[in-house]
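Coordinate analysis (summary)
Listed here are the chains, written in short residue letters.
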Amino acid sequence: YDTPKQIRIQSVTCGCLQSFLYATIALAICCIVIKYRLHQEVDEVNSSIRTSVKGVVDASNRIWDTAEYTISMQAMNSFFVMTNMIKTENQLEQECPEYPSAKSICSSDQSCKKGSVDVHSHGILTGRCVRYNTAVKTCEVRAWCPVESMENPPEPAVLRSSEDFTVLIKNNIHFPKFNDTVLNIPPILNTSCTYNKKTSPLCPIFRLGDILKEANQNFSEVAVKGGIIAIEINWDCNLDRWFYDCSPKYSFRRLDDKKITPGFHFRYARYYKLPDGKEQRTLFKVYGIRFDVLVFGTGRKFDAIELIKNVGSMISYFGLVVTIMELLIRIGQCASCGKSPFYKIYNRRKYEILPFSRQVIYVSYVDEPYVTLIQKPLKTSLQHTEGTIVESHPVKFCDADSCCNSEFNENHDNEQYELRQPLREGAHSPDSQKWCFCGKCQPTEKYHEQLCCRRKEGQCITTTHSFQQLVLCSDTLKKALLYKYPFLILTDANINKELRHFAYKQYIHWSFGSFDLEDRAVVPNCCRWKIRDTYPKATNNYIGF
């Protein structure tokens, strides 16, 4: 299991700010869950509609009841109420002049092509030009005569009093997921009630004039040419037993455009048989209001899985706290121009530099408690090149490879004298290099090999018992090798090579700690040659380290 590294800042201000941000986001998530009801499962409504229109009016010397002014519609969930009409009576199938229009007006028979039909014509042309009245001639057609006049509908409307009609709307809804059925009619219905948005918002009986008023329309104006009105029923149901709420909300609006071809009309005819066997009809061009009942809505019910899923998706919002805190730290760093010791320590602890340049190297000195990163090209000895501190010096040589040393100290009481006695500090030779401060380094012309184990003058690390036992002792190296590589076979041909390479690694691990820096860490000149002298190569030509 891997977990990210974190930096803890000991600051009351930062801690309080972080707690405030976490609390704010937690509160925001709770508000979002409650407001948008993300703790509930949702189901769409299934609906059926039934309507019943009531009303009687005396108009045009006749009584108009429900059978007269309500005409069944082919559209689902719709009903139609007639408000105006143009009636053409006593039509017979015969020849007669066409109603005057730009295409039907003629001056001679040549203007009327026999057998032709126009989409706006009432019949088929006979090829004759006849007089329609004393003022105009039109092409004769074979049609239901006399043809319908193209005049505008009567104004005011014939059935303008129909605004006092009422309609009862029965709406059954069902939520399949929750197996729940609801009706918009209360168990005890007051049949004398009429819908009012404020006083009776749940009454399912609607006055037609009030419907158009709620839709911001004038009934008398709409009644002349008709129109299309939507009755919208919105169900937003909470089906949880402890917060049950499922009642309809009604709204109204006009669907047809008032400016572009407004209105709604159609034609139908009533047919009769004359005594002579001929068929006669009365044609009605009917204007009226079509009411479309539109039902939509959702049902919601608590669901633990839905809550976990939605809350889980919003937990990522807590990541904003880290972003905000990092942003504030960066703003503070910019404000202080990076001179504050806090920001220097923060950057050193926060980021581990892992460059890809081959000129990047790491060095460690025995008299300094940290590892130094050097990124620039070397223009002088590695010893004198300035670098960047990347980490405090870790615990030295504390892993499994060093476990064999305790056993070695117990079982080898007769080890050579020089390994058991403190070694004398090496003198600083006047012939030693300027970059050498321990007096044990070998001369070299290569800048990257000009590195001493120390920053200041003092005892060389190679003269200590620790170096002798941990890096040079063959028994220690063999046991550590076999501990790490159990199947390694050490022979006379390869023993020096294996021990020499492992001694390099032992020193790097000891000096640099737990860093995986074998490829970029530089072993000091004195240590490198001490290891080479202890485990020499037959050809005496060395590469690397």
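Residues numbered from 1 in each chain as written. Predicted model: local features only at pLDDT ≥ 70, side-chain atom pairs only at ≥ 80, totals over all residues. Heavy atoms only, no water.

Here's the deal with the overall build of the protein
- When helices and strands are counted, the protein shows 13 helices and 18 strands.
- For the protein, buried positions account for 38% of its 545 residues.
- For the protein, the share of sequence-separated contacts (at least 6 apart) that also reach a separation of at least 24 residues comes to 66%.
- Of the roughly 32,800 Å² of accessible surface on the protein, a fraction of 53% belongs to carbon and sulfur atoms. (Helix = DSSP H or I, 4+ residues; strand = E, 2+ residues; numbered from the N terminus. Buried < 20%, exposed > 50% of the residue type's maximum accessible area, 1.4 Å probe, protein only. Contact = heavy atoms within 4.5 Å. Areas by Shrake-Rupley, 256 points an atom, 1.4 Å probe, with all protein chains shown as cover.)

Section: the nonpolar core
- Ile-211 and Phe-291 are the most contacted members of the largest nonpolar core, which totals 48 residues.
- If one sorts the elements of this core by residue count, strand β12 (residues 227–238) sits on top with six residues.
- Listed in part, the 36 residues of the second largest apolar core include Leu-481, Leu-499, Tyr-507 and Ile-531. (Core = buried A, V, L, I, M, F, W, Y, C linked by side-chain atoms within 4.5 Å.)

Describing the packing of helix α1 (residues 12–35) against helix α5 (residues 304–314)
- Across the interface, α1 lies against α5 with an axial gap of 11 Å and an inter-helix angle of 140°. By the angle between their axes, α1 is oblique relative to α5. When the axes of α1 and α5 are compared, the crossing they make is right-handed. Of α5, the residues touching α1 (which contributes Ile-29, Ile-32 and Val-33) are Leu-307, Val-311 and Met-314.
- When the residues that make up the contact of α1 with α5 are grouped by side-chain class, the tally is six nonpolar, no polar and no charged. (Axes fitted to C-alpha atoms, helices over the stretch in contact; angles between N-to-C directions. Parallel < 35°, antiparallel > 145°, perpendicular 65-115°, else oblique. Left-handed = near helix turned anticlockwise from the far one by under 90°. Nonpolar A, V, L, I, M, F, W, Y, C, P; charged D, E, K, R; others polar.)

Focus on the UniProt feature "transmembrane region" (unreviewed entry) in the protein
- Mapped onto the present numbering, the UniProt feature "transmembrane region" (unreviewed entry) falls at residues 20–38.
- The annotated region residues 20–38 carries 84% helix and 0% strand content, and the separation between its end C-alpha atoms amounts to 24 Å. (UniProt positions renumbered as here; feature names shortened; annotations may be inferred.)

Considerations on the state of the cysteines
- Inspection of the entire model under this criterion finds five disulfides.
- The disulfide partner of Cys-96 is Cys-145, and the S-S distance across this bridge is 1.9 Å. On the S-S bond that ties Cys-96 to Cys-145, the torsion sits near -75°, and the link is left-handed. Note that Cys-96 is positioned in strand β6 (residues 78–97) and Cys-145 in strand β8 (residues 137–145), a separation of 49 residues in sequence.
- The disulfide that involves Cys-112 links it to Cys-139, with 1.9 Å between the sulfurs. Across the disulfide from Cys-112 to Cys-139, rotation about the S-S bond amounts to roughly -85°, and the bridge is consequently left-handed. Of this pair, Cys-112 sits in the loop between β6 and β7 (124–131) while Cys-139 sits in strand β8, placing them 27 residues apart in sequence. The pair Cys-112 / Cys-139 is uniform in exposure class, with both members buried.
- Going through the protein in sequence order and numbering each bonded cysteine, the pairs you get are 1-6, 2-4, 3-5, 7-8, 9-10.
- Its sulfur unpaired, Cys-460 is 3.6 Å from the next cysteine sulfur, which belongs to Cys-438.
- For Cys-460, a relative accessible area of 0% gives the class buried. (Disulfide = S-S within 2.5 Å.)

Observations regarding unusual backbone geometry
- For the bond running from Cys-145 to Pro-146, omega is -5°, close enough to zero to count as cis.
- Mapped onto the fold, Pro-146 is located in the loop between β8 and β9 (166–175).
- Even without a glycine there, the phi angle at Arg-37 is positive, about 50°.
- Counting through the fold element by element, Arg-37 comes out in the loop between α1 and β1 (40–44).
- For Asn-216, which is not glycine, the phi dihedral falls at a positive 60°.
- Tracing the backbone through its elements, the reader meets Asn-216 in the loop between α3 (208–214) and α4 (219–225).

Some details on the pairing of strand β15 (residues 279–302)
- Across the 24 residues of β15, 18 count as buried, placing the element largely inside the fold.
- Relative to β15, β1 runs antiparallel, the two sharing five bridges. Considered in β15, the bridge of Asp-43 is made with Gly-299.
- Sheet topology note: the strand β14 (residues 265–273)/β15 ladder contains nine bridges and is antiparallel. From the neighbouring strand, Tyr-268 faces β15, where its bridge partner is Phe-284.
- Linking β14 back to β15 in an antiparallel pair, the connection comprises five residues, with Gly-277 at a positive phi of about 90°. (Pairing = 2+ DSSP bridges.)

Regarding the environment of Trp-510
- Counting through the fold element by element, Trp-510 comes out in helix α12 (residues 495–512).
- When the C-alpha positions of Trp-510 and Leu-470 are compared, they lie 8.4 Å apart, and in sequence the two are 40 residues distant.

What to know about the confidence of the model for the protein
- Per-residue confidence for the protein gives a mean pLDDT of 85; residues scoring 70 or more make up 89%.
- Here residues 393–431 is a poorly scored stretch, pLDDT under 50, and it has 65 contacts once near neighbours within four places are set aside; other chains count. (pLDDT = per-residue confidence, 0-100.)

Things to note about a nonpolar patch on the surface
- A grouping of Leu-17, Phe-20, Ile-32, Tyr-36, Tyr-317, Leu-320, Ile-324, Leu-327, Leu-328 and Ile-331 is seen on the molecular surface, where their side chains present a nonpolar patch of about 920 Å² in accessible area.
- Broken down by secondary-structure element, the contributors of at least two residues to the nonpolar patch are α1 and α6 (319–335).
- A total of five residues in the nonpolar patch trace back to one element, the largest contributor, which is α6.
- Looking at where Leu-328 falls in the secondary structure, it is placed in helix α6. (Patch = residues over 30% accessible without salt bridge, like charges linked within 9 Å, V, L, I, M, F, W, Y side chains within 5 Å. Salt bridge = Lys/Arg side-chain N within 4 Å of Asp/Glu carboxyl O.)

Section: the packing of α12 against helix α13 (residues 525–534)
- One can describe the packing of α12 onto α13 by two numbers: an axis separation of 9 Å at closest approach and a directional angle of 150°. Viewed along their axes, α12 and α13 adopt a mutual orientation that is roughly antiparallel. Pair α12 / α13 crosses with right-handed handedness. Along its contact with α12, which presents Arg-500, Ala-503, Tyr-504 and Tyr-507, the element α13 presents Cys-527, Arg-528, Ile-531 and Arg-532.
- Residue classes in the contact of α12 with α13 are distributed as five nonpolar, no polar and three charged.

Considerations on α13
- Taken residue by residue, α13 has Asn-525, Cys-526, Cys-527, Arg-528, Ile-531 and Arg-532 as its buried positions.
- If you follow the buried residues of α13, they end up packed against α10 (465–472) and α12.

A short note on the side chain of Asp-180
- Along the chain, Asp-180 turns up in strand β10 (residues 180–183).
- No salt bridge is formed by the buried Asp-180; the nearest opposite charge belongs to Lys-301, separated by 5.8 Å.
- For Asp-180, the residues in contact, after removing those within four places along its chain, are Ile-173, His-174, Phe-175, Leu-239 and Tyr-244. (Lys, Arg positive; Asp, Glu negative; His and termini not counted.)

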